There are 4 protein chains.
Amino acid sequence: MAIILGANTYGKAESRVVRIRRDTERHEIRDLNVSTALRGDFAAAYTVGDQSTVLPTDSQKQTAYAYAKEKGITSIEQYGLDLARHYVDDVQPVQSARIEIEEYAWERVMINGVEHDHTWTRKGQEVRTAAITVEGAGSTQQTWVVGGLKDLIILKSTGSAFAGFLTDPYTVLQPTSDRVMATSLVAKWRFTETEMDWDTVYADVKSIMVERFANLHSLALQQTLFAMGKAVLEAYREIAEVRLSAPNKHHFLYDLAPFGLENPGEVFHADDRPYGLIQATVTRDDAPPADPAWDSFTGLV
Amino acid sequence: MAIILGANTYGKAESRVVRIRRDTERHEIRDLNVSTALRGDFAAAYTVGDQSTVLPTDSQKQTAYAYAKEKGITSIEQYGLDLARHYVDDVQPVQSARIEIEEYAWERVMINGVEHDHTWTRKGQEVRTAAITVEGAGSTQQTWVVGGLKDLIILKSTGSAFAGFLTDPYTVLQPTSDRVMATSLVAKWRFTETEMDWDTVYADVKSIMVERFANLHSLALQQTLFAMGKAVLEAYREIAEVRLSAPNKHHFLYDLAPFGLENPGEVFHADDRPYGLIQATVTRDDAPPADPAWDSFTGLV
Amino acid sequence: MAIILGANTYGKAESRVVRIRRDTERHEIRDLNVSTALRGDFAAAYTVGDQSTVLPTDSQKQTAYAYAKEKGITSIEQYGLDLARHYVDDVQPVQSARIEIEEYAWERVMINGVEHDHTWTRKGQEVRTAAITVEGAGSTQQTWVVGGLKDLIILKSTGSAFAGFLTDPYTVLQPTSDRVMATSLVAKWRFTETEMDWDTVYADVKSIMVERFANLHSLALQQTLFAMGKAVLEAYREIAEVRLSAPNKHHFLYDLAPFGLENPGEVFHADDRPYGLIQATVTRDDAPPADPAWDSFTGLV
Amino acid sequence: MAIILGANTYGKAESRVVRIRRDTERHEIRDLNVSTALRGDFAAAYTVGDQSTVLPTDSQKQTAYAYAKEKGITSIEQYGLDLARHYVDDVQPVQSARIEIEEYAWERVMINGVEHDHTWTRKGQEVRTAAITVEGAGSTQQTWVVGGLKDLIILKSTGSAFAGFLTDPYTVLQPTSDRVMATSLVAKWRFTETEMDWDTVYADVKSIMVERFANLHSLALQQTLFAMGKAVLEAYREIAEVRLSAPNKHHFLYDLAPFGLENPGEVFHADDRPYGLIQATVTRDDAPPADPAWDSFTGLV
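This structure is a prediction, so every number in the text was calculated from the model and none was measured.

Quick notes on the nonpolar core
Most often, soluble globular proteins keep nonpolar side chains buried together rather than apart.
Then, in step 1: With 369 residues, the main nonpolar core has Leu244(A), Leu244(B), Leu244(C) and Leu244(D) as its most contacted residues.
Then, in step 2: In this structure Leu244(D) touches Val301(A), Leu185(D), Val186(D), Ala187(D), Leu225(D), Met228(D), Gly229(D), Gln279(D) and Ala280(D), once residues within four positions along its chain are discounted.

Okay, structure coming up:
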């Protein structure tokens, strides 16, 4: 029996890259949080402290900022592809690169109905995400692109039930035919293409999911999630799989009876913890293999 | 010399009250975080543990939810006035009540250009705030209403300088005639009236401040803050004072020279800490006294 | 009527200064979060954007790091005094300086019962705080030192009651003679001296407060807070006033009756929100005036 | 091609279970954050909204609190085993159960050198974790136990270098032979046994890792992590694998030269972001298969 190094990865997390385009008086802004991670034969760094094949995480930070200028940021997916390919193609010991990006949206300030040229407020709603993985050299190189969003807080005040569930000796919950359903959605979608109109697809996928959440009469959060994923797959043949994670942000009907008040679905307590957590994958039965696409930079441990 | 009880206050913080109006198929939602605090002669609770004049904080929580139904929530200012007056008028030992409220805005989901009746996403931008103080009984009762916002993240990519400052032996900062200026604004405005069209005033005050941030060519964040406050006072004679707190969220121009790249105001690092912090009061020279208006529930310690 | 600048302050918040002493093989560490703020006649910066009297916040940052070397950090109170006096004495336009510091404690790693020379783990418990204010020049200069702590999470599983309280129509709470009492304490104490053995006093004040929390049979959190403050004042004539803020971190007895289980004070749900919040000042009746001592850097708005 | 449900899981996250033992005057406390997740044939809930096999997440919450009384909490590993086995053995549709637990340590208050019977302060240092997975019925049932810790902030002020690394055109970092090395460690260790003296093993594993961090002269954080994992495996044949995740919490030597000050490793800026992130697995070459052991409740998306 020997003790050996298993899976490992290293990189620079959370470089806060802000890119302004000021070619005209109407500036553009993209505001990113960039993490990069490399895999390859770095065993000697672990076992004997030999750094000779290790590109410092500081160099990865420098590259993230430099590429914002050299390559520009037309979309986080494209920028991530540029960075990932760079590491695999240009830095010899790197066999695989993983780029994870969050993008914070800004909206132009409106003044008297006119958009301002160079002032924005942070939109504040969901955070757009992308995870790009490039593996291998030359003609066997493979690429995975996962788009996504997180922190999309969405709520419906009716059109949601929860009944007919299994009961056991610890079940005290009462069924309901009309409840508030709310979540802070995380969704990710895996592309089978690497050339897309990324910004357009993003906006469209988001609106497809929102429509399903709103219009499906929900018998359970599970059903809503599956319908959201299915609708995205039906709309985009370039998407092979959708993964969704949805905390059930409980809104408990407040008991006003002690005060002689009725409460027909009007006053709720929005609770913090605990919360239900539903996670699901919706996929095609012929989806190509996905493994590294879902291996998050921070997911090893 | 004796050891005595000084200023004190107690209450229930952060009740998460959500109110749905469902009188028609088009529901309405208001989503609040409510804190209430009472002052009065509660010394015996501190000195000898006598609770006979202490209304439990649990009762304050119940009241916050009950009033969401009994009085409704037409605005956070009005709801706060209802709660504050209730404590001072109806609970004998209470001499002063302070209500602090945060409101999270939701926007209706749009589906094919049509607003949905009962589904929203959390808007996510700034948080609206209100602080209401009512003191005293009968004809000498006084009332202070402070409206506000926080977490309004705003950025301009040009139109801001910082130069001509005082230098000392610890000064290494270089002057600049064109920088990114960004902040996460907290602003509060003190009314001299208690009957206003609160929602309209809120939207208007916010847009006045945003306009000044955008359009004033700024020689310093200080100047921008003063201009924002001044513009609000000029627009509303019912507002006596505006207070602003603005972290200078530094966007440092990234040094790309080592890589042979120019960086004419295009690539920035958005830094976390430390940050400048500018706070200012803009007021009228004949403003009525304000003291308890600014005494935050959590500000005693 | 004119619109004027009212109270204002500016500075650099949250410089994360870490100071290692390595004079011998046994190193020492102090780990601080330093905020500095200045007051003076800076009106022109606000009203016309004139920076000629404004020492940049960047210079304040540089000074915080430089003083960690020049003056050293024997205690946060002493380091804060050095910084505050520097601004008032050496930077002409400054009339008043406020320094607020948090200190994170580290404890030496123990290996086979021996303390390690240069490795620590962060202690993690409470954060020590200090706030120093220096105002005025020459013989009329005044100085206020406030020591403190925050985030001291403390719990007792018995020896606490809450009964005999006032009831109103919104009261559903039942009295209890034995409950869990827990808080995350913030405490601050105002000195009337500026020369103390600061580290010793800090440790002693903390242990006095902890003893009172533990040993006083509590009829209410209010009573416990007053007793804690009183005990500190009785021990230190150099302390004129203690302020305490204590969220009542509710531990609700969990209802296990539906499952045929008794629960005699054994299983609790630790709730997040809402929470009671009790704040109190304990003072001497002959305490000298305090005003700027309590004016937090961030407390203007 | 059909659209199908892929991997899925559901459960109740973050039940804050506090258990007091009060059999004698000397009480004991365990303070947990419990998440439970179930897998099985729940496809109908997703595809057609049929809940007939779905045990509500509310029932899972009730069970977590009830088991704190019924089974007690001798360690988080044992309590997690009890919960996981219950779901797989007693709830028919459940094929696999995953229990993830965080434990917050409390230490007894010392008064005049004596431990108090029923008062504690939260220790505040690292959080202890456990993840238990039970899969399958009867004689083919399999069980995986992973112990761990997170948020262990550890720093050494010397005995760490970083040099001899690969350079590329984006490398500006200078090698160093003496730096501050600090991290906020996450570590998890997979057991091959299900009967251990869990609390003793936990304390021992932690101290083994701390010793290696302190005493190994480090050529890179990678080397330190590997040495920590290796030492644990050498000490415990019942542990098959250790995974470590370590943000490199950069402490940058502050440039004091502009002020005429030397800074020989004494004054540092503790930076927030970006940070290096090193993750590694240390394992035995004959370790049994691990798959579900590492599938975190929240790791699907």
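Following the structure, the description resumes.
Regarding the relation of the copies chain B and chain C
Then, in step 1: For the pair chain B and chain C, the superposition axis carries a translation of 0.0 Å, the fit reaches an RMSD of 0.0 Å, and the rotation angle comes to 180°. Both chain copies can therefore be described as sitting about a two-fold axis. Relative to the rotation axis, the closest C-alpha in chain B is found at Gly299(B), a distance of 3.5 Å.
Then, in step 2: When the interface residues of chain B are mapped onto chain C, 99% of them are again interface residues, pointing to one common binding face.

Description of the domain arrangement of chain A
All names here are of chain A.
Then, in step 1: Domain annotation for chain A reports domain 1 (7-140) and domain 2 (149-301).
Then, in step 2: Placing a centre on the C-alpha atoms of domain 1 and another on those of domain 2 gives a separation of 28 Å.
Then, in step 3: Each side of the interface is counted separately: domain 1 has 20 residues, and domain 2 has 13 residues.
Then, in step 4: Breaking the side of domain 1 that touches domain 2 down by element, the ones donating at least two residues are strand 1 (3-21), strand 2 (28-40), helix 3 (76-90), strand 3 (94-104) and strand 6 (127-135).
Then, in step 5: If you tally residues by element for the side of domain 1 that touches domain 2, the top one is strand 6, at five residues.
Then, in step 6: Of the residues contributing to the side of domain 1 that touches domain 2, the split by class is five nonpolar, nine polar and six charged.

A closer look at the relation of the copies chain C and chain D
Then, in step 1: Overlaying chain C on chain D yields an RMSD of 0.0 Å, the required transformation being a rotation through 180° with an accompanying axial translation of 0.0 Å.
Then, in step 2: A shared binding surface is used by both copies, with 100% of the interface residues of chain C retained as interface residues in chain D.

Focus on the interface of chain C and chain D
Then, in step 1: Between chain C and chain D, the residue contacts involve 47 residues of the former and 47 residues of the latter.
Then, in step 2: Residue assignment for the side of chain C that touches chain D shows that the elements contributing at least two residues are strand 1 (3-21), helix 2 (57-70), strand 4 (106-111), strand 5 (114-122), strand 7 (142-156), helix 4 (198-215) and strand 11 (267-270) of chain C.
Then, in step 3: The element that contributes the greatest number of residues to the side of chain C that touches chain D is strand 5 of chain C, accounting for six residues.
Then, in step 4: A breakdown of the residues in the side of chain C that touches chain D according to their chemical character gives 23 nonpolar, 14 polar and 10 charged.
Then, in step 5: Two strands pair when backbone bridges link them, and strand 1 of chain C and strand 11 (residues 267-270) of chain D are joined in this way by three bridges, in the antiparallel orientation. For Arg19(C), the partnering residue across the bridge sits in strand 11 of chain D and is Val267(D).

Quick notes on the interface of chain B and chain C
Interface size is commonly expressed as the accessible area that is lost once the parts come together.
Then, in step 1: With 77 residues of chain B at the interface, the matching set in chain C holds 76 residues.
Then, in step 2: Elements represented by at least two residues in the side of chain B that touches chain C include exactly strand 1 (3-21), helix 1 (43-47), helix 2 (57-70), strand 8 (181-191), helix 5 (221-235), strand 9 (239-248) and strand 12 (275-284) of chain B.
Then, in step 3: In the side of chain B that touches chain C, the residues fall into 38 nonpolar, 25 polar and 14 charged.
Then, in step 4: Of the pairings in the sheet, the one linking strand 12 of chain B to strand 1 of chain C comprises nine bridges and is antiparallel in character.

A closer look at unusual backbone geometry
Then, in step 1: With an omega of -10°, the peptide bond between Arg273(A) and Pro274(A) qualifies as cis.
Then, in step 2: In this fold, Pro274(A) is placed in the loop between strand 11 (267-270) and strand 12 (275-284).
Then, in step 3: One non-glycine residue, Asp151(C), lies in the positive phi region at around 65°.
Then, in step 4: Within the fold, Asp151(C) resides in strand 7.
Then, in step 5: In this structure, Asn112(D) is a non-glycine residue whose phi angle is positive, near 50°.

Quick notes on the packing of helix 2 of chain B against helix 3 (residues 76-90) of chain B
Residues and elements named next belong to chain B.
Then, in step 1: At a minimum axis distance of 11 Å, the contact between helix 2 and helix 3 shows a crossing angle of 130°. One way to sum up the angle between helix 2 and helix 3 is to call them oblique. The element helix 2 and its partner helix 3 pack so that their crossing is right-handed. In this structure, helix 2 contributes Thr-63, Ala-64 and Tyr-67 to the contact, and helix 3 contributes Tyr-79, Asp-82, Leu-83 and His-86.
Then, in step 2: When grouped by side-chain class, the residues that make up the contact of helix 2 with helix 3 number four nonpolar, two polar and one charged.

Digging into the environment of His118(B)
Then, in step 1: When you line up the elements, His118(B) lands in strand 5 (residues 114-122).
Then, in step 2: Linking His118(B) and Glu28(B), residues 90 residues apart in sequence, is a C-alpha distance of 7.6 Å.
Then, in step 3: When residues no more than four places from it in sequence are discounted, the contact partners of His118(B) are Lys156(A), Ser157(A), Thr158(A), Gly159(A) and His27(B).

Considering helix 4 (residues 198-215) of chain D
Then, in step 1: Its 18 residues place the ends of helix 4 of chain D 26 Å apart at the C-alpha level, agreeing with the 26 Å of an ideal helix rising 1.5 Å per residue.
Then, in step 2: If you check which residues of helix 4 of chain D are buried, you get Trp198(D), Val201(D), Tyr202(D), Val205(D), Lys206(D), Met209(D), Val210(D), Phe213(D) and Ala214(D).

Looking at the environment of Thr158(C)
Then, in step 1: Along the chain, the position of Thr158(C) falls in the loop between strand 7 and strand 8 (181-191).
Then, in step 2: In this structure, the C-alpha to C-alpha distance between Thr158(C) and Val88(C), residues 70 residues apart in sequence, is 50 Å.
Then, in step 3: For Thr158(C), the contacting residues outside a window of four places in its chain are Asp178(C), His27(D) and His118(D).

So, the pairing of strand 2 (residues 28-40) of chain D
All names here are of chain D.
Then, in step 1: Across the 13 residues of strand 2, 12 count as buried, placing the element largely inside the fold.
Then, in step 2: Across 10 bridges, the pairing between strand 1 (residues 3-21) and strand 2 is antiparallel. What sits directly across from Tyr-10, in strand 2, is Leu-38.
Then, in step 3: From the end of strand 1 to the start of strand 2, which pair antiparallel, there are six residues.
Then, in step 4: Across 10 bridges, the pairing between strand 2 and strand 3 (residues 94-104) is antiparallel. When the sheet's bridge partners are listed, Leu-38 is paired in strand 3 with Ala-97.

Reading guide: rules and limits
- Residues numbered from 1 in each chain as written.
- Chains lettered and ligands numbered in written order.
- Predicted model: local features only at pLDDT ≥ 70, side-chain atom pairs only at ≥ 80, totals over all residues.
- Core = buried A, V, L, I, M, F, W, Y, C linked by C-beta atoms within 7 Å.
- Buried ≥ 20, exposed ≤ 12 C-beta atoms within 10 Å, placed from the backbone.
- Contact = placed C-beta atoms within 7 Å.
- Least-squares fit on C-alpha atoms with pLDDT ≥ 70 in both.
- Domains from an automatic or database assignment.
- Helix = DSSP H or I, 4+ residues; strand = E, 2+ residues; numbered from the N terminus.
- Nonpolar A, V, L, I, M, F, W, Y, C, P; charged D, E, K, R; others polar.
- Pairing = 2+ DSSP bridges.
- Axes fitted to C-alpha atoms, helices over the stretch in contact; angles between N-to-C directions.
- Parallel < 35°, antiparallel > 145°, perpendicular 65-115°, else oblique.
- Left-handed = near helix turned anticlockwise from the far one by under 90°.
- Expected span 1.5 Å × (residues − 1).

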